[in-house]
Structure formats: structure tokens, C-alpha cells
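As a plain string of letters, each chain reads:
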Number of protein chains: 2
Amino acid sequence: MSDYVLYYWSVPFRGQFVRAVLAFAGKTWTEGGDDAIAQLMGGAVEDMPVPFMGPPVLVDKKANVSLSQMSAIVLYLGETLHLLPAAPALRALAMKVVNDANDVLDEITLDGGREMWTEKRWHDFVPRLKKWMSIWEETGRRHGLHKTKGFLLGGEAPGIADVVTAVLWSTMTERFPKIEAILEEAAPLTASLVKRVAELPLLAELAAKAREDYGDAYCGGQIEASLRKVLKA
Amino acid sequence: MSDYVLYYWSVPFRGQFVRAVLAFAGKTWTEGGDDAIAQLMGGAVEDMPVPFMGPPVLVDKKANVSLSQMSAIVLYLGETLHLLPAAPALRALAMKVVNDANDVLDEITLDGGREMWTEKRWHDFVPRLKKWMSIWEETGRRHGLHKTKGFLLGGEAPGIADVVTAVLWSTMTERFPKIEAILEEAAPLTASLVKRVAELPLLAELAAKAREDYGDAYCGGQIEASLRKVLKA
């Protein structure tokens, strides 16, 4: 029996961060599934495990704790599974990286498909995507990533910031080779960190399972179709 | 001399959460100002106090710490100024509320003005706005807000979740009386909590200063103009 139930759509996207933190910590979980999510979202807030607008929602059954908001869930898992640094500044910086990753997902889907990708929109977005990548690169550089082949925020073992970084960019670049080429050019240290962390057995296994369970799917919907079109993927 | 420098545009909006947490903790800070923000954002990531895409950015000069991402800054201040509960579940729930508040700001500006408000868009959004409000209401109810006249997550003193809740809804309802009417109907316990917390002297003083410094401004730009138009504000 798993200790956790995760409610997230059957695509990787934002839920994959939570799955990856659980997998990285050697935890198992049950997926609530699309139907249950739709039912919770369509029902009364009184009946929700935690009052929420959209998934992911995580239920920690043993602790009797339910949470929504990806970065709050990741904070909770980071604290309870001991994957966050001890110093408040580094803890907050790790959560800053998590929130940056969340913003990149919003932008890559034009805020949940508020608009659709066109050639022109993508063309105009590429400099901003490169700037996001350079934000990761510079963060790593400030913590010695160019010297140590270590981790994003320094330290001797991968933590929340590394797992989230690896999942963000590896999930995206595996599905969109054009973005992989951009990452390798704009942020080579980050690209190499992403490879090293994504290849850790528990995370590689999770990625293989995502391909098995969700196929090529990334975020789903019309917005994914429009992204595939401009990226010829 | 202040210990902190806050870089945020000269409007309340997302930066007001950081200002409010600082004010609530009795701290002073210097505002970096619009020109400095524009210069940092237009410059190289190497020259930024922390690599960031958009403000708020907080510099804690004494601790030599710089952070971006509103919710990461609030986590840092919450930890270092002792405004977060001790239990990981309640800490994460407080940060869930902060992230919900951040999402509401995205939605009320149609994701930073990606589209403009029209009568029809606003009309279609009202049920979702009420749902957001009911998420606050149900959160408070689960922690006894209907019995205690206490705080959002229970407890005997206001914390991060209460300050952020008060700033989110009081800043919005002061400027848009139509939203105030919706809040009072959809989430009366929350509306009352917001009033009680916003009236605390340090927060009331901050709100008065915002009116003095920024006038009626909320988020600024064309999106604010379109919001004022549909809300006749």
C-alpha cells in the first residue's frame, strides 16, 4: 500500500515534478486518475480533500495531510523527506527554482492555452526562453557548477532544485528536440546537470514509465498540438 | 538604514505581499524603484542580485541574500521572521494559500494582460472568482474560522496566510467595490477576516501609504484600464 495518492492528469507536465520528488525519495504512490480529478473539480469545495482550483493535489494518507499547488506540495515533500537544505536562504532559493519552473510551464503553454502557438509567437518567444535558460545557468555558476560538476545550488547530493530542474528540462527536451538544441547552446552547464540527474536510476525509471503510460504526451490538449506544429515535433 | 531593498514596480499588486509581510514584522525597507528594475531586467543575468525574470526581488543586505519569486521571498521572510507555523503540513498549507493568491493575481490580469477584459470575459469569469473565494472560505471553515473569529489556519495570532489573504482581497476590494460585494456574499468569513487583519495598525498604515504613493493604481497598464471599464471603477 502506498502512503500517497496523487491527483494529476495522465500527462507529465506539472504533475511530473511531484511524481519525480516522490520517486527520487524512493516513495510509491497511487494515481487518482482523470475521472476522479474531474469529479472533484466539478464537485463542492466541501468535498475536496483540500479546497483547490486545479491539480496536482497530493494526499499523504499516513499523515492525514492534503495539499494543492505544485510548489507547496514540493515544499512539504522536501521538508518531510529531507530533500531541502537547512539554511533558510538556500531553502528559499530552491523554492525560487521550483517557482521559476512553474512559470516556464505557464509560458510554454501560453498560460494554459489562453492563445495558441503560431510561428510568429514562437519566434518572438525564443529569446525569452533562452533568458529563462540563462537564469538556470547563472544560478548554477554562482554555486560553482562550472567547477564541481556538482549540483545547481552546490552541495554534495542532488536536492529539490536539481530534481525539479532535471524534470522541467528533460521532459521538455525529450519531446521537443528543437528545445534541446536551444538548451545545449544557451545553458550548457544546465544541460549537462539535467542529463546527469535525469539519468539517476529512480528518475530514469519514472521517465520510462511516463513514456509507457502517456506516450509522447506533454501537456495535452490543443496547446500541445500547436506547440508540436511550430516545433515540427 | 533598512536591512532590505525591495525591487517592485510602483503599484501594489504582487509586490504588496512582500511589503505587507515586512511591514507586519515591523521591518523597514528601501524601494529600488521602477528605473532600477527596468535597468536590471534589461541587463545581463550576471549583473542581477539574483538571476530573475520579473520582480519582486528582495535583497536582505545584512544576510547577503537575494531572492526573486514572490512565494519564495515570502517563505524566506516567513522562516526568518518567525511567521510560519512549526508543523510541515501547516507551513505547506500557508504556502499553498500564498500560491493561490499568486494565481488569483494572474487570473485577474488575464495572465499579465495577455488578453484584455471585455464584458463577456468578466461575466464568464465571475463564477470562477466566486470559486476562488469559496476555496478561502472552506479553508477557514476547516480550521474553525466560523467558531473562533480567529485566523485562516487556526492558531492564535495572524501569520503568513492571514497577511497574504488580507492583502490579496483588501487591495482588490478597496479599488473595485463590485468585487467587494462578491466577496461578502461568496465568502463572508473570509471578508470578515480580511477586514480584521487589514485593520491591524501596521497593515492599515501600509495600505494608506500605497494610496498615497500609487493613488488608485492596482496592477497598472492597459489591463487595469480594461478591468476598471468592466467593473465601472
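These lines cover the structure that appears in this document, whether it is placed above or below. (Residues numbered from 1 in each chain as written. Chains lettered and ligands numbered in written order. Predicted model: local features only at pLDDT ≥ 70, side-chain atom pairs only at ≥ 80, totals over all residues. Heavy atoms only, no water.)

## Describing the pairing of strand β1 (residues 4–7) of chain A
Residues and elements named next belong to chain A. Residues of β1 alternate between two faces, with Tyr-4 and Leu-6 on one and Val-5 and Tyr-7 on the opposite face, all of them buried. Here β1 runs beside strand β2 (residues 29–31); their pairing, made up of three bridges, is parallel. Looking at the pairing, Tyr-4 lines up with Trp-29 of β2. Remark: the β1/helix α1 (residues 15–24)/β2 crossover connection has right-handed handedness. Pairing of β1 with strand β3 (residues 57–60), which is carried by four bridges, proceeds in the antiparallel orientation. By the bridge assignment, Val-5 is partnered in β3 with Val-59. (Buried < 20%, exposed > 50% of the residue type's maximum accessible area, 1.4 Å probe, protein only. Helix = DSSP H or I, 4+ residues; strand = E, 2+ residues; numbered from the N terminus. Pairing = 2+ DSSP bridges. Right-handed = clockwise from strand over helix to strand, strands pointing away.)

## Brief notes about the sheet that holds β3(A)
Residues and elements named next belong to chain A. On the basis of which strands lie adjacent, the open sheet formed by four strands has the order β2-β1-β3-β4 and mixed pairing. Sheet topology places β2 and β4 (65–68) at the edges, where each strand pairs with a single neighbour. Geometrically, the sheet is characterised by an average inter-axis angle of 20 degrees between neighbouring strands, direction not taken into account. When β3 meets β4, the two strands line up antiparallel, connected through four bridges. When the sheet's bridge partners are listed, Val-57 is paired in β4 with Ser-68. (Axes fitted to C-alpha atoms, helices over the stretch in contact; angles between N-to-C directions.)

## Things to note about helix α11 (residues 201–214) of chain A
All names here are of chain A. Under the 1.5 Å per step criterion, the end-to-end length of α11 is 20 Å for 14 residues, consistent within 8% with the ideal 20 Å. Buried residues of α11: Leu-203, Leu-206, Ala-210 and Tyr-214, and no others. Along the axis of α11, the buried positions cluster into a sector of 55 degrees, meaning they face one direction only. Along α11, the residues that are exposed and aim more than 90 degrees away from the buried face are Pro-201, Glu-205 and Glu-212. Contact partners of the buried residues in α11: α1, β2, α8 (160–175) and α10 (188–198). Immediately beyond the C-terminal end of α11, within one or two residues, lies Gly-215, with a positive phi of roughly 60 degrees. (Expected span 1.5 Å × (residues − 1). Arc of directions from axis to C-beta. Contact = heavy atoms within 4.5 Å.)

## Looking at the packing of aromatic side chains
Each pair of aromatic rings is reported with the distance of its centres and the angle of its planes. All names here are of chain A. According to the stated counting rule, one finds 14 aromatic pairs over all chains in the structure shown. Ring plane angle 85 degrees and centroid distance 5.4 Å describe the contact between Trp-136 and Trp-169, whose orientation is recorded as edge-to-face. Taken together, the residues span a long stretch of sequence, with Trp-136 in helix α6 (residues 119–142) and Trp-169 in helix α8 at a distance of 33 residues. Just above the ring of Phe-151 sits the side chain of Arg-196; from NZ or CZ to the centre is 6.0 Å. (Phe/Tyr/Trp six-rings, centres within 6.5 Å; stacked < 30°, edge-to-face > 60°. Lys NZ or Arg CZ within 6 Å of the ring centre and 35° of its normal.)

## What about the relation of the copies chain A and chain B?
Overlay of chain A on chain B (RMSD 0.0 Å): rotation 180 degrees, translation along the axis 0.0 Å. Expressed as an axis order, the relation between the two copies is that of a two-fold axis. Closest approach to the rotation axis among the C-alpha atoms of chain A is made by A:Asp111, whose C-alpha sits 3.4 Å away. Take the interface residues of chain A: 100% of them recur as interface residues in chain B, which is what a same-surface contact looks like. (Least-squares fit on C-alpha atoms with pLDDT ≥ 70 in both.)

## Structural notes on the packing of helix α4 (residues 88–108) of chain B against helix α8 (residues 160–175) of chain B
Residue and element names in this part refer to chain B. Two elements in contact, α4 and α8, have axes separated by 8 Å at closest approach and are oriented at 15 degrees. Between α4 and α8, the angle falls in the class roughly parallel. The interaxial crossing formed by α4 with α8 has left-handed handedness. Two secondary-structure elements touch here, α4 through Ala-94, Val-97, Val-98, Ala-101, Val-104, Leu-105 and Ile-108 and α8 through Ile-160, Ala-161, Val-164, Thr-165, Leu-168, Trp-169 and Met-172. A class-by-class count of the residues in the contact of α4 with α8 yields 13 nonpolar, one polar and no charged. (Parallel < 35°, antiparallel > 145°, perpendicular 65-115°, else oblique. Left-handed = near helix turned anticlockwise from the far one by under 90°. Nonpolar A, V, L, I, M, F, W, Y, C, P; charged D, E, K, R; others polar.)

These values are about where atoms sit, not about what they do.
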